[in-house]
Amino acid sequence: QVQLVESGGGLVQPGGSLRLSCAASGSSFVFYVMGWYRQAPGKQRELVASIISGDSTNYADSVKGRFTISRDNAKNMVYLDMNSLKPEDTAVYYCNARHRIMPARNYWGQGTQVTVSS
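All values derive from a computational prediction rather than experimental measurement.

How each quantity is defined
- Residues numbered from 1 in each chain as written.
- Predicted model: local features only at pLDDT ≥ 70, side-chain atom pairs only at ≥ 80, totals over all residues.
- Heavy atoms only, no water.
- Disulfide = S-S within 2.5 Å.
- Helix = DSSP H or I, 4+ residues; strand = E, 2+ residues; numbered from the N terminus.
- Buried < 20%, exposed > 50% of the residue type's maximum accessible area, 1.4 Å probe, protein only.
- Phe/Tyr/Trp six-rings, centres within 6.5 Å; stacked < 30°, edge-to-face > 60°.
- Lys NZ or Arg CZ within 6 Å of the ring centre and 35° of its normal.
- Salt bridge = Lys/Arg side-chain N within 4 Å of Asp/Glu carboxyl O.

Novice: So what's going on with the state of the cysteines? Which residues, and what values?
Specialist: Applying the stated criterion across every chain yields a total of 1 disulfide. With a sulfur-sulfur separation of 2.1 Å, Cys-22 is cross-linked through a disulfide to Cys-95. Because the torsion about its S-S bond is -85°, the bridge between Cys-22 and Cys-95 counts as left-handed. Taken as a pair, Cys-22 in strand β3 (residues 18-24) and Cys-95 in strand β9 (residues 91-99) lie far apart in primary sequence, 73 residues in all. Residue class for Cys-95 comes out buried when judged on its relative accessible area of 0%.

Novice: Give me the lowdown on the packing of aromatic side chains, citing residues and values where you can.
Specialist: Under the defined criterion, the tally for this structure stands at 2 aromatic pairs. Centroid distance Tyr-32 to Tyr-107: 6.2 Å. Interplanar angle 55°. Geometry classified as tilted. With Tyr-32 in strand β4 (residues 32-39) and Tyr-107 in strand β10 (residues 106-108), this residue pair connects regions lying 75 residues apart in the sequence. The same class applies to Tyr-32 as to Tyr-107, namely buried. Seen in terms of ring centroids, Tyr-37 and Trp-108 are 4.9 Å apart; in terms of plane orientation they differ by 65°. Their pairing is edge-to-face. Highlighted residues: Tyr-37 in strand β4 and Trp-108 in strand β10, separated in sequence by 71 residues. Geometry around Tyr-79 places Arg-19 over its ring, the cationic atom sitting 4.3 Å from the centre.

Novice: Tell me about the pattern of salt bridges, and name the residues and values.
Specialist: For the coordinates displayed, the defined rule picks out 5 salt bridges. Of the charged contacts, one joins Arg-19 and Asp-81 as a salt bridge, the two residues approaching to 2.9 Å between their closest N and O atoms. With Arg-19 in strand β3 and Asp-81 in strand β8 (residues 77-82), this residue pair connects regions lying 62 residues apart in the sequence. Classification of Arg-19 as partly exposed rests on a relative accessible area of 42%.

These values are about where atoms sit, not about what they do.
Dropping the structure here:
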């Protein structure tokens, strides 16, 4: 069992920056693919970015060059640095942990709201 707790959301002006953090409990954090998803009102949840290791990352086209995902296995933490934020980035952002070998072990955080508005 893995518990995920997100933090760092808030209100930011267009062009601004935010850092989201996700703290994971439990053991074997290194065996999980960590991801950030988002869901805007009336839309489906979508993958924003995922990371297996420091040099194995994946990004949605809409955030490439603006967002950076990273993880600290020693601290059981995953981060999403968001720059040049746009109003269309407004959504609830969810942290996800999916086991690399046993994908049925798939866990979600409670979500954190990010609002980009002037």
